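# Report on the structure
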Amino acid sequence: MINRLAVIGVGLIGGSLSLALKEAGKVKEVIGYARSESVRQEALELGVIDRAADSIADAVNEADIIFLAVPMAAMGSVLEELLPHVKADAIITDGGSAKGQLVDIARNIMGEQLGQFVPGHPIAGTEKSGPSAAFSTLYKDHRVVLTPIDETNSSAVETVTAMWQATGADVYEMDVQHHDVVLAATSHLPHVLAFNLVGMLAERDDCDEVLHYAAGGFRDFSRIASGDAVMWRDICLSNSDAILGLIQQYKQGLSKLEDAIKSQDGDTLKAVFESAKQARDTRFK
Ligand code: NAD
């Protein structure tokens, strides 16, 4: 049982953790903080949190676990601001979508407290944001990846693992850099592609007509282009190396397809499509 959980950033990710733990009876009190007063009030009125704090200091000073769920660009400054106010044995963890840059910041600013920091990432979400988007079952049967570093206390990892398991999630551990490459491939690059495709179509004069005839496949693929622009900007900037590497690889594949279409090379097209279909049908679990 967690006595007091502080959630900094009470939107989809932070709010859903709070609701899941409250529903499971695994937390006595959740104190929430968001930069804007109106968001804090909304979270309180919706019952997403038990108490709204007026400042980060007020939110964290008696917390046993502190969960950071702000946009990636704000993670470092929020972490720095809260450090002087936390209890010595408090555990700090986060739900940010990229891990390397935040871990570097933590190494630079946390000193003795670094062992209490457990970097994490729930692989669950929707394209909605804010406290009203939060729901208690978001993490049920979803994966949560923790990326502890050498300095991380193993008891802190155990506590954070148990916290996520209480939401119904399956918890995995991964190396920081490996996490960022894997998530760039399965989440960050696809978002870049979807934003680019939908943005490209939106600039066409015949956009409304084009979208009118969009079938299910386009709907499925383009859904992720409704993700929050600030959140995805921050993810791209904080995981830039891994994403840029994959964009290069993707461009090579696209050029190969372009050349094959130009030269009416059906064999190459068929081979590429067959191998992708085979992978999608057999290896996607
Ligand atoms: P959200 O917009 O729903 O919530 C973000 C919250 O942070 C809001 O309450 C906002 O008021 C608050 N906030 C913003 N800047 C702040 C600041 N400087 N100080 C304090 N509060 C601030 O976003 P979300 O979808 O919950 O994403 C939160 C984090 O979780 C991001 O780092 C994101 O990368 C990560 N994440 C998102 C998803 C997803 O699908 N949405 C999935 C996994 C991880």
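Whatever comes next refers back to the structure up there.
Residues numbered from 1 in each chain as written. Predicted model: local features only at pLDDT ≥ 70, side-chain atom pairs only at ≥ 80, totals over all residues. Heavy atoms only, no water.

Attention now goes to the side chain of Thr152. One can find Thr152 in the loop between β8 (143-146) and α6 (154-165). Owing to a relative accessible area of 10%, Thr152 belongs among the buried residues under this scheme. Sequence-distant contacts of Thr152, defined by excluding residues within four places in its chain, comprise Gly115, Phe117, Val118 and Val157. (Helix = DSSP H or I, 4+ residues; strand = E, 2+ residues; numbered from the N terminus. Buried < 20%, exposed > 50% of the residue type's maximum accessible area, 1.4 Å probe, protein only. Contact = heavy atoms within 4.5 Å.)

Before going further, it helps to examine the site of the ligand. Taken together, 28 residues surround the ligand, and among them Leu12, Ile13, Val70, Ser97 and Gly130 come closest. Contacts to the ligand include Ile13, whose backbone N or O atom sits 2.8 Å from an oxygen atom. Within the side chain of Ser97, a nitrogen or oxygen atom sits 2.7 Å from an oxygen atom of the ligand. The protein chains hide 88% of the 830 Å² of surface that the ligand would expose on its own. Breaking the shell around the ligand down by element, the ones donating at least two residues are α1 (12-23), α4 (72-82), β7 (120-123) and α10 (229-238). (Near = heavy atom within 4 Å. Polar contact = N/O pair within 3.5 Å; in protein donor to acceptor, adjacent residues only side chain to side chain. Areas by Shrake-Rupley, 256 points an atom, 1.4 Å probe, with all protein chains shown as cover.)

Right, let's talk about the pattern of salt bridges for a bit. When charged atoms on two side chains of opposite charge get close, those side chains can pair. Taken as a whole and assessed by the stated rule, the structure comprises 15 salt bridges. Asp50 is paired through a salt bridge with Lys22; the nearest N and O atoms lie 2.5 Å apart. With a gap of 28 residues between them, Asp50 in the loop between α2 (37-45) and β3 (51-52) and Lys22 in helix α1 connect regions that are remote in the sequence. Taking the relative accessible area as the measure of exposure, Asp50 reaches 35% and is therefore partly exposed. Residue classification places Lys22 among the partly exposed positions, given a relative accessible area of 27%. Among the salt bridges present, the one from Arg107 reaches Glu151, with a minimum N-O distance of 2.9 Å. Of the two residues, Arg107 sits in helix α5 (residues 100-109) while Glu151 sits in the loop between β8 and α6, which places them 44 residues apart along the sequence. The exposure class of Glu151 is partly exposed, given its relative accessible area of 36%. Each member of the salt-bridge network shares a partner with another, and the members are Arg4, Glu29, Arg51, Asp58 and Glu62. (Salt bridge = Lys/Arg side-chain N within 4 Å of Asp/Glu carboxyl O.)

Trans peptide bonds make up most of the peptide bonds, and negative phi angles are found at most residues other than glycine. Notably, Asp141 is not glycine yet its phi reads approximately 60 degrees, a positive angle. Mapped onto the secondary structure, Asp141 falls in the loop between β7 and β8. Taking the relative accessible area as the measure of exposure, Asp141 reaches 59% and is therefore exposed. Despite not being glycine, Gln264 shows a phi value in the positive range, around 55 degrees. Residue position: Gln264 is located in the loop between α11 (240-262) and α12 (266-283).

As a further point, take the nonpolar core. Ranked by size, the top nonpolar core spans 34 residues in total, and within it Leu5, Phe67, Tyr139, Met163 and Trp164 carry the most contacts. Among the secondary structure elements, those contributing two or more residues to this core are β1 (2-8), α1, β2 (27-33), β4 (65-68), β8 and α6. Setting aside chain neighbours within four positions, we find Trp164 in contact with Leu17, Phe67, Pro122, Tyr139, Val144, Leu146, Ala169 and Val171. Membership of the second largest hydrophobic core comes to 31 residues, among which are Ile31, Met75, Leu82 and Leu83. (Core = buried A, V, L, I, M, F, W, Y, C linked by side-chain atoms within 4.5 Å.)

Let us look at the environment of Gly32. As for its placement among the helices and strands, Gly32 is situated in strand β2. Separated by 22 residues in sequence, Gly32 and Asp54 place their C-alpha atoms 9.1 Å apart. If sequence neighbours within four positions are ignored, Gly32 has contacts with Val7, Val10, Ile49, Arg51, Ala52 and Ala53.

Let us now look at the sheet that holds β2. Spatial strand order, β3-β2-β1-β4-β5-β6: 6 strands in an open sheet with parallel pairing. The sheet is open, and its two borders are formed by β3 and β6 (117-118), each paired with just one other strand. Pairing between β2 and β3: 2 bridges, direction parallel. Within the sheet, the bridge partner assigned to Ile31 lies in β3 and is Arg51. (Pairing = 2+ DSSP bridges.)

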